[in-house]
Amino acid sequence: MFIETRGNDGQRPNKVPFSFAILNPSASFGGLYVPENLPKIDTTFLEKASKKSYKEITLDILRLFNIDIEEEVMQKAVALYDTFDDASEPTPLSQIEEDLFVNELYHGPTRAFKDMALQPFGYILSHLAQKLNEQYLILAATSGDTGPATLDTFANKPNIKVVCLYPDGGTSDVQRLQMTTQKSPNLKIIGIHGNFDDAQNALKSLLASPSFKETLNAKEIKLSAANSVNFGRIIFQIIYHIYAYVALLKKDKVELGKPFYTIIPSGNFGNALGAYYAKKMGLPIEKILIASNINNILTDLITTGVYDLRNRSLLQTTSPAMDILISSNVERVLFDKFGAARTKELMDSLKENKFYTLSKEELAQLQEDFEAVYSDDAFGKEQIKHYADQGYIMDPHTATCLKAYKELKAKPLPCVLCSTAEWTKFAPTMFNAIQQNSVKYSDKEALEGISKALHVKIPECISTLFNEPVIHNKIVEKESIEAEIFDFLNLTCKKECQ
Ligand SMILES: *Cc1c(COP(=O)(O)O)cnc(C)c1O
């Protein structure tokens with residue numbers, strides 16, 4: 001069963017099953033759902049796992065969670081990993097130093113690690129909506145990777161419609177085309193004049209608007225969410241951390257039961273939370289090393305115990321998926337360590353005073369599991385160049401992890417770095433790093449340039465994007481979003497009634 005990070009308001013049920021938590025992800029007082037108990041894995045589990053495939057281990061872990069999803073549905077959801085580059089190894093582990101391994105989480109359909117969770121999650125959510133005979137609308141605001149992965153998983157899925165807002169000019173060409181060339185009639189993509197914050201705020205005010213909710217009610221459409229506040233995503237993000245250890249075992253790079261480090265390029269902290277839960281379940285993680293870019297609010301929290309939004313504004317970097325100041329999943333760690341009352345107090349303080357401060361003891365508890373460091377774009381470019389020269393291509397988000405590897409890894413243990421995107425999604429930055437220049441390339445020029453310079457193939461799902469017709473070409477002002485959404489819902493409702 002699932003409980004709430006800020007306690008219960010008496011309006012909602014006290015405990016809910018998994019299906020309820022993922023269809024209705026917002027909990028009392030603005031909190032989040034978390035599992036009441038985590039299952040345990042021990043060395044026997046890990047030893048057995050070292051003879052199993054990614055999919056088998058995923059199913060084993062889902063069964064341990066004992067969630068209210070039928071076996072057959074879980075199997076079909078997990079079978080989506082078969083569409084990854086290598087069905088037998090959806091998350092290959094590459095060795096780039098004696099003690100450093102890259103967990104490549106981006107081999108899915110949209111070339112970002114978001115697919116790891118969103119692919120099976122989308123299948124399960126649509127299944128639940130069909131079973132209940134309910135229609136759901138998912139609203140998403142994206143700065144780049146969440147949008148394509150959310151749209152891909154829900155394309156042509158029954159009982160779900162998705163509206164995705166993106167800042168015009170705020171994403172890479174590849175990311176924009178991944179969205180605007182979507183053909184599926186249950187998807188609507190709207191560009192807005194403004195930046196990601198504007199898109200996010202527009203979405204928040206829609207969600208808070210009574211007239212918006214009334215209109216949806218009248219049409220019997222319910223709202224859900226597909227960002228990592230939804231536990232349906234987090235559950236799949238626990239598994240690849242466990243699998244990374246299994247892969248080390250398979251390669252004889254760690255002794256069964258001996259610890260390892262993991263490094264995570266973090267934004268909304270979903271990936272890191274997955275590692276934290278895996279550690280709590282019994283995976284021998286020595287420390288979870290958090291990498292940030294110059295939007296280093298997580299580094300500050302983990303090193304000083306203060307989460308402080310005052311005098312901060314979002315800075316643009318070459319690792320845009322980590323450009324974030326309000327990192328939602330930190331709340332789940334606070335709850336796990338300090339309980340609901342304290343979590344509510346801290347989150348209320350963040351809302352009212354724009355900061356909160358952990359006590360010394362609380363900070364020490366946080367540091368039992370996490371350490372953090374940040375790096376800037378110049379550091380990332382150096383690392384991209386250095387490894388490209390040695391024949392390994394990593395994207396700008398992945399490159400932030402090298403700082404943690406160099407500065408935080410205190411013991412001679414194997415270290416797994418989570419690689420969250422393929423280079424193809426951030427080609428201009430990549431090409432600048434490799435050429436050591438700051439020419440403004442288009443995505444297409446940079447993709448072709450890198451492909452030639454490093455003798456790598458551009459995957460077809462990326463290269464064909466440039467020839468596909470753009471279907472969603474509307475760029476609107478924030479004020480027009482509501483009307484656009486109603487227009488879309490009317491159109492799709494009419495089509496379905498025919
Ligand atoms: C989403 C994303 C991140 C941040 O992951 P969180 O789970 O939000 O911390 C990092 N890198 C890339 C490429 C991403 O798409």
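Throughout, residues of each chain are indexed from 1 in the direction in which the sequence is written. Restriction of local features to residues with pLDDT of at least 70 applies here, the model being predicted, together with a cutoff of 80 or more for giving and counting side-chain atom pairs; totals for whole chains, interfaces and linings are based on all residues. For the side-chain quantities, the full set of heavy atoms in the structure was used; hydrogens and water were omitted.

- Per an unreviewed UniProt entry, the recorded name for the protein chain is Threonine synthase, and the organism is Sulfurospirillum multivorans.
- UniProt positions are given in the numbering used here, feature names are shortened, and annotations may be inferred rather than shown by experiment. Here is the UniProt Catalytic activity (unreviewed entry) comment for the protein chain, exactly as written: "O-phospho-L-homoserine + H2O = L-threonine + phosphate".

1. Concerning helix H19 (residues 443–454)
Here comes step 1: Helix and strand assignments follow DSSP, with helices taken as H or I runs no shorter than four residues and strands as E runs no shorter than two, numbered in order from the N terminus. To estimate the expected span of a helix, count its residues, drop one, and scale the result by 1.5 Å. Between its terminal C-alpha atoms H19 stretches 16 Å, which fits the 16 Å expected from twelve residues at 1.5 Å a residue.
Here comes step 2: Buried residues belonging to H19 abut helix H7 (173–180), helix H18 (427–435) and helix H20 (460–463).
Here comes step 3: Positive phi appears at His455, one or two residues downstream of H19, with a value of about 55°. Throughout, a residue-residue contact means that at least one pair of heavy atoms, one from each residue, lies within 4.5 Å.

2. Brief notes about the side chain of Ser375
Here comes step 1: Note that Ser375 resides in the loop between strand S13 (370–374) and helix H15 (377–389).
Here comes step 2: Burial classes: relative accessible area under 20% of the type maximum marks a residue as buried, over 50% as exposed, and values in between as partly exposed (1.4 Å probe, protein chains only). The exposure class assigned to Ser375 is buried, which follows from its relative accessible area of 4%.
Here comes step 3: Discounting residues that sit within four places of it in the chain, Ser375 has contacts with Ser292, Asn293, Ile294, Thr400 and Lys403.

3. A word on the side chain of Thr58
Here comes step 1: Tracing the backbone through its elements, the reader meets Thr58 in helix H3 (residues 54–65).
Here comes step 2: Classification of Thr58 as buried rests on a relative accessible area of 0%.
Here comes step 3: The residues touching Thr58, leaving out its near neighbours within four places in the chain, are Val78, Tyr81, Phe236 and Ile239.

4. Regarding the site of the ligand
Here comes step 1: Near residues are defined by distance, with any heavy atom within 4 Å of the molecule or strand qualifying the residue. Of all residues adjacent to the ligand, which total 15 residues, the nearest are Lys114, Asp145, Gly267, Asn268 and Thr420.
Here comes step 2: Pairs of N or O atoms are called polar contacts if they sit within 3.5 Å, as long as, within protein, a hydrogen donor faces a hydrogen acceptor (for residues adjacent in sequence, only side-chain-to-side-chain pairs). Asn268 is positioned with one of its backbone polar atoms (N or O) 2.8 Å from an oxygen atom of the ligand.
Here comes step 3: Thr420 places a side-chain nitrogen or oxygen 2.8 Å from a nitrogen atom of the ligand.
Here comes step 4: The protein chains hide 96% of the 390 Å² of surface that the ligand would expose on its own.
Here comes step 5: Polar here means any residue other than Ala, Val, Leu, Ile, Met, Phe, Trp, Tyr, Cys and Pro, which are nonpolar, and Asp, Glu, Lys and Arg, which are charged; Gly is therefore polar. Grouping the amino acids of the shell around the ligand by side-chain chemistry returns six nonpolar, seven polar and two charged. We get accessible surface area from the Shrake-Rupley algorithm with a probe of 1.4 Å; when it comes to residues, only the shown protein chains can shield them.

5. Focus on the UniProt feature "domain: Threonine synthase N-terminal" (unreviewed entry) in the protein chain
Here comes step 1: UniProt marks residues 2–78 with the feature "domain: Threonine synthase N-terminal" (unreviewed entry), using the numbering shown here.
Here comes step 2: Structurally, residues 2–78 comprises 43% helix and 8% strand, and the distance from its first C-alpha atom to its last is 22 Å.

6. Let's talk about the sheet that holds strand S6 (residues 160–167)
Here comes step 1: Note on pairing: two strands pair once DSSP finds at least 2 bridges between them. Judged by pairing direction, the sheet is parallel, and its five strands sit side by side in the order S8-S5-S6-S7-S15 without closing on themselves. Here the strands that pair on one side only, and so sit at the sheet edges, are strand S8 (221–224) and strand S15 (475–476).
Here comes step 2: Strand direction decides the pairing type here: strand S5 (residues 135–141) and S8, joined by four bridges, are parallel. Across the sheet, residue Tyr136 finds its bridge partner in S8, namely Lys222.
Here comes step 3: Contacting S5 and S8, helix H9 (residues 210–218) runs over the sheet at an angle of about 125° to S8. To obtain an axis, a line is fitted to C-alpha atoms, over the contacting stretch when the element is a helix, and the angle between two such axes runs from 0 to 180 degrees between their N-to-C directions.

7. Some points on the sheet that holds strand S3 (residues 93–97)
Here comes step 1: Here six strands make up an open sheet; going across it, the order is S3-S4-S14-S9-S10-S13 and the pairing mixed. Of all strands in the sheet, those bounded by a partner on one side alone are S3 and S13. Averaged over all pairs of adjacent strands, the angle between their axes in this sheet comes to 25°, without regard to strand direction.
Here comes step 2: Note: strand S4 (residues 100–104) against strand S14 (residues 415–419), five bridges, orientation parallel. When the sheet's bridge partners are listed, Leu100 is paired in S14 with Cys415.
Here comes step 3: Sheet contacts for helix H10 (residues 231–250): S3, S4, strand S9 (260–265) and S14; angle to S9, the most-contacted strand, approximately 135°.
Here comes step 4: Its contacts with the sheet put helix H14 (residues 360–369) on strand S10 (285–292) and S13, and the angle it makes with S13 is roughly 85°.

8. Comments concerning the nonpolar core
In globular proteins that are soluble, nonpolar side chains generally tend to be buried together.
Here comes step 1: Only buried residues count toward a nonpolar core, which is a set of Ala, Val, Leu, Ile, Met, Phe, Trp, Tyr and Cys residues joined through side-chain atoms within 4.5 Å. Core analysis: the biggest nonpolar cluster contains 106 residues, and Ile242 and Tyr356 have the highest contact counts within it.
Here comes step 2: With 15 residues, the top contributor of residues to this core is H10.
Here comes step 3: Ignoring any residue separated from it by four or fewer positions in sequence, one finds Ile242 in contact with Ile41, Phe45, Leu46, Ile61, Ala278, Met281 and Leu283.
Here comes step 4: Judged by nonpolar contacts, the second largest core, of 40 residues, contains Val102, Leu408, Met430 and Ile450.

9. Some details on the pairing of S10
On a regular strand, each side chain points to the face opposite its neighbour's, so the side chains alternate between the two faces of the sheet.
Here comes step 1: For S10, the tally of buried residues reaches seven of eight residues, placing the bulk of the element in the interior.
Here comes step 2: One ladder, built from five bridges, connects S9 with S10; its direction is parallel. Each residue of the ladder has a partner; that of Phe260, found in S10, is Ile285.
Here comes step 3: Look down the strands so they point away from you; if the path from the first strand over the helix to the second goes clockwise, the crossover is right-handed. Taking the sense of rotation as the criterion, the β-α-β connection linking S9, helix H11 (residues 270–281) and S10 turns out right-handed.
Here comes step 4: Examined bridge by bridge, S10 and S13 share five bridges and lie parallel to one another. If you follow Ser292 over to S13, its bridge partner there is Tyr374.

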